[in-house]
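# A closer look at the structure
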Amino acid sequence: MAAEAPAVKLIGGYGSPYVHRIEMALRLKGVTYELILEDLRNKSELLFKHNPVHKLVPVLLHGDRTVCESLVILEYIDEAFDGPPLLPADPYERSEARFWAQFIDQKFARPFWFSFWTGDDVDKRAFLKEAKENLTLLEAQLKGRSFFGGDTIGFLDITACALAHWLGVTEEVTGVTLVNKEELPAFCKWADGYISDETVKQCLPVRDELVAYFSARKEMYMARARATLHK
Amino acid sequence: MWASPMVIRVEWALRLKGVEYEYVDEDLANKSADLLRYNPVTKKVPVLVHDGKPIAESTIIVEYIDEAWNGGYPIMAADPYERAQARFWARYAEDKVRALYAIFSTTSEAQRKAAHEAQQCLKTLETALEGKKFFGGDAVGYVDIIVGWYAHWLPVVEEVCGVSVVTDEELPLLKAWFGRLLAVDVLKAALPDRDRLLAANKARREQVLSA
């Protein structure tokens, strides 16, 4: 008699691209999971218990195991579950995927934040330039393929999900345009391909709802950007 | 670059695997054409070039070394959950490293605050050592390679800055691990000379304070 597989639960929060990464990984692997939605303004004991170090989502619960940090969770899912691999098999290609994943997580936040959420009184040109340069560097990694993973969505595609969906939402909410098809054709094609994918659509927040969500928080984000810009 | 902890990580990984390598020293004030060609994105060291292909970012290079020479010394555990925990703590240490740098660039009250914050971060990291000789268990593993530089550099920083961070009272497990790590011959052999490191850090401290 086969042992029952340990339960998989994902602690997440609405609108988080980091949570989407994990949902995609689980779905691509064919893993059934329970999504526990946190109110991130009122975090639960469950979250504090399972992520005492960072107190952030996503957190993966797999049986009695807890895994935190989205990129760490992605690699865990790739290794712990059967199903199509998320990362390439070749060590060099794996190192490239990890490099660009780290690049996405470290090099986009600051220029994007200050490009979008600062007011008209701020000279955004340097931030926009940096943001565009980073996108151009990333775009080159597509190397003529539909996805970073090749013909199908893989580790780097799901890591870059915020660029495919949340970026456009932010442009709409703020009225600041960063991306255009002439300058970043391969990137735009990739983004369209990503959000059109059937698996992605199952766990991607609806665009209009995200627009409303960010619009409601616009003042808060702009105040935060103003405060940190002058630090 | 002789005094870079990030470079040491890569050398340790290569040496544990018994991989022969050529070490190319860079003058970071005058970067070579090779470095800029191999790492155009961040232009930093270390860069590992294997069969003509460059890999950048020390934590990523160490994983690459483990996978490319996967028959040799196991840097990562085999179990996915242990690997996840190792990656988590390596990422934690990387994120918190500025707390250590802050000690170096401050004085008086700001420095006391920085030292305390660094201690708090190290206490959290220390929990991953409980019941073990090394972060990797009985032998040196991924996290040991990533944070092992503390064992050689932190005492130098403490001496140069006149602060105590890693003490028997506050961080007993970490202090004991420092001793065990530095006793591993393969790792000890790659460390920069302590006196040279001390002199360089004293000079840099003076530079930082007079800026």
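Worth saying up front: this structure is predicted, and the values here are computed from it rather than measured. (Residues numbered from 1 in each chain as written. Chains lettered and ligands numbered in written order. Predicted model: local features only at pLDDT ≥ 70, side-chain atom pairs only at ≥ 80, totals over all residues. Heavy atoms only, no water.)

### Some thoughts on the interface of chain B and chain A
In this assembly, 24 residues from chain B lie in contact with 23 residues from chain A. Across the chain B to chain A interface the summed buried area is about 2,200 Å²; carbon plus sulfur atoms make up 65%. At the boundary of chain B with chain A, the tally comes to seven salt bridges. Its salt-bridge partner being B:Glu67, residue A:Arg94 comes within 2.9 Å of it at the nearest N-O pair. Put simply, chain B and chain A have ten residue pairs in polar contact (both at pLDDT 80 or more) between them. Broken down by secondary-structure element, the contributors of at least two residues to the side of chain B that touches chain A are β2 (53-56), α3 (58-68) and α4 (80-104) of chain B. Per element, the largest residue contribution to the side of chain B that touches chain A is nine residues, and it comes from α4(B). Residues belonging to the side of chain B that touches chain A are distributed by class as follows: 13 nonpolar, three polar and eight charged. (Contact = heavy atoms within 4.5 Å. Buried area = accessible area lost by both parts, 1.4 Å probe. Salt bridge = Lys/Arg side-chain N within 4 Å of Asp/Glu carboxyl O. Polar contact = N/O pair within 3.5 Å; in protein donor to acceptor, adjacent residues only side chain to side chain. Helix = DSSP H or I, 4+ residues; strand = E, 2+ residues; numbered from the N terminus. Nonpolar A, V, L, I, M, F, W, Y, C, P; charged D, E, K, R; others polar.)

### Thoughts on the domain arrangement of chain B
Residue and element names in this part refer to chain B. Assigned domains of chain B: these are domain 1 (5-68) and domain 2 (80-210). Contacts between the two partners involve 13 residues from domain 1, matched on the other side by 20 residues from domain 2. Buried surface at the junction of domain 1 and domain 2, both sides included, amounts to about 1,600 Å², of which 68% is carbon and sulfur. Our count for the domain 1 to domain 2 interface comes out at two salt bridges. Glu63 is the partner of Arg87 in a salt bridge, and the nearest nitrogen-oxygen pair spans 3.0 Å. Of all elements in the fold, only α1 (5-17) and α3 reach the threshold of two or more residues within the side of domain 1 that touches domain 2. Here the side of domain 1 that touches domain 2 gets nine residues from one element, more than from any other, and that element is α1. (Domains from an automatic or database assignment.)

### Re the confidence of the model for chain B
Averaged over every residue, the pLDDT of chain B is 95; the share at 70 or more is 100%. Model confidence for the complex is summarised by a pTM of 0.95, with the ipTM given as 0.95. (pLDDT = per-residue confidence, 0-100.)

### Thoughts on the pattern of salt bridges
In the structure shown here, the tally under the stated rule is 28 salt bridges over all chains. Of the charged contacts in the structure, one is a salt bridge between B:Arg87 and A:Glu79, with a shortest N-O distance of 3.1 Å. Taken together, the residues B:Arg87 in helix α4 and A:Glu79 in helix α3 (residues 70-80) connect one chain to another. Judged by its relative accessible area of 5%, B:Arg87 falls in the buried class. A:Glu79 sits in the partly exposed class, given a relative accessible area of 24%. For A:Lys129, the salt bridge is made with A:Glu133, and the minimal N-O distance between the two is 3.2 Å. Within this pair, A:Lys129 and its partner A:Glu133 are both found in helix α6 (residues 125-140), separated by four residues, close to a single helical turn. (Buried < 20%, exposed > 50% of the residue type's maximum accessible area, 1.4 Å probe, protein only.)

### With respect to the packing of aromatic side chains
Per the stated rule, a full pass over the model turns up 24 aromatic pairs over all chains. With 5.5 Å between their ring centres and 80 degrees between their planes, B:Trp89 and B:Tyr92 make a pair best called edge-to-face. On the criterion of helical spacing, the pair formed by B:Trp89 and B:Tyr92 is a turn pair, its members being three residues apart in helix α4. With a relative accessible area of 5%, B:Tyr92 lands in the buried category. Each ring, one from B:Phe135 and one from B:Trp177, has its centre 5.0 Å from the other, and the planes form 80 degrees; the classification is edge-to-face. One end of the pair, B:Phe135, is in the loop between α5 (108-126) and α6 (142-147); the other, B:Trp177, is in helix α8 (residues 172-182), and 42 residues separate them in sequence. Counting every residue linked through ring pairs, the aromatic cluster contains A:Tyr14, A:Trp113, A:Trp117, A:Tyr213, A:Phe214 and A:Tyr221. Directly above the aromatic system of A:Tyr213 lies the positively charged group of A:Arg217, at a separation of 3.8 Å from the ring centroid. Positioned over the ring face of B:Tyr38 is B:Arg37, at 4.6 Å from the centre of the ring. (Phe/Tyr/Trp six-rings, centres within 6.5 Å; stacked < 30°, edge-to-face > 60°. Lys NZ or Arg CZ within 6 Å of the ring centre and 35° of its normal.)

### A short note on the layout of surface pockets
Roughly 1,500 Å³ of volume is contained in the second largest pocket. Lining the second largest pocket are 45 residues, with B:Met6, B:Lys44, B:Glu94, B:Val97 and B:Tyr101 sitting closest to its centre. Listing elements by their share of the lining of the second largest pocket, those giving two or more residues are α4 (91-107) of chain A together with α1, α3, α4, α7 (149-161) and α10 (194-210) of chain B. Among the elements that line the lining of the second largest pocket, the one with the most residues is α4(B), at nine residues. (1 Å grid on protein atoms, 1.4 Å probe; cavity = no way out; pocket = protein on both sides within 12 Å on 5 of 7 lines; lining within 4 Å. Points joined across faces, edges and corners; volume = space filled by probe spheres on them.)

### A short note on the nonpolar core
Soluble globular proteins: nonpolar side chains tend toward being buried together. Membership of the largest hydrophobic core comes to 145 residues, with the highest contact counts inside it found for A:Leu135, A:Leu163, A:Trp190, B:Leu122 and B:Tyr150. Element by element, the count of residues in this core is highest for α4(B), at 13 residues. Apart from the residues within four sequence positions on either side, B:Leu122 is in contact with B:Leu100, B:Tyr150, B:Leu154, B:Val165, B:Val166, B:Leu171 and B:Leu174. (Core = buried A, V, L, I, M, F, W, Y, C linked by side-chain atoms within 4.5 Å.)

### So, empty space enclosed by the protein
Residue and element names in this part refer to chain B. On inspection of all chains with the given rule, the structure shows one cavity of 30 Å³ or more. A volume near 70 Å³ is recorded for the largest cavity. Lining the largest cavity are Tyr92, Ala93, Lys96, Val97, Ala99, Leu100, Ala118, Cys121, Leu122, Leu125 and Tyr150. Only α4 and α5 provide two or more residues apiece to the lining of the largest cavity. Here the lining of the largest cavity takes six residues from α4, the largest share from any one element. Of the residues belonging to the lining of the largest cavity, the class tally is ten nonpolar, no polar and one charged.

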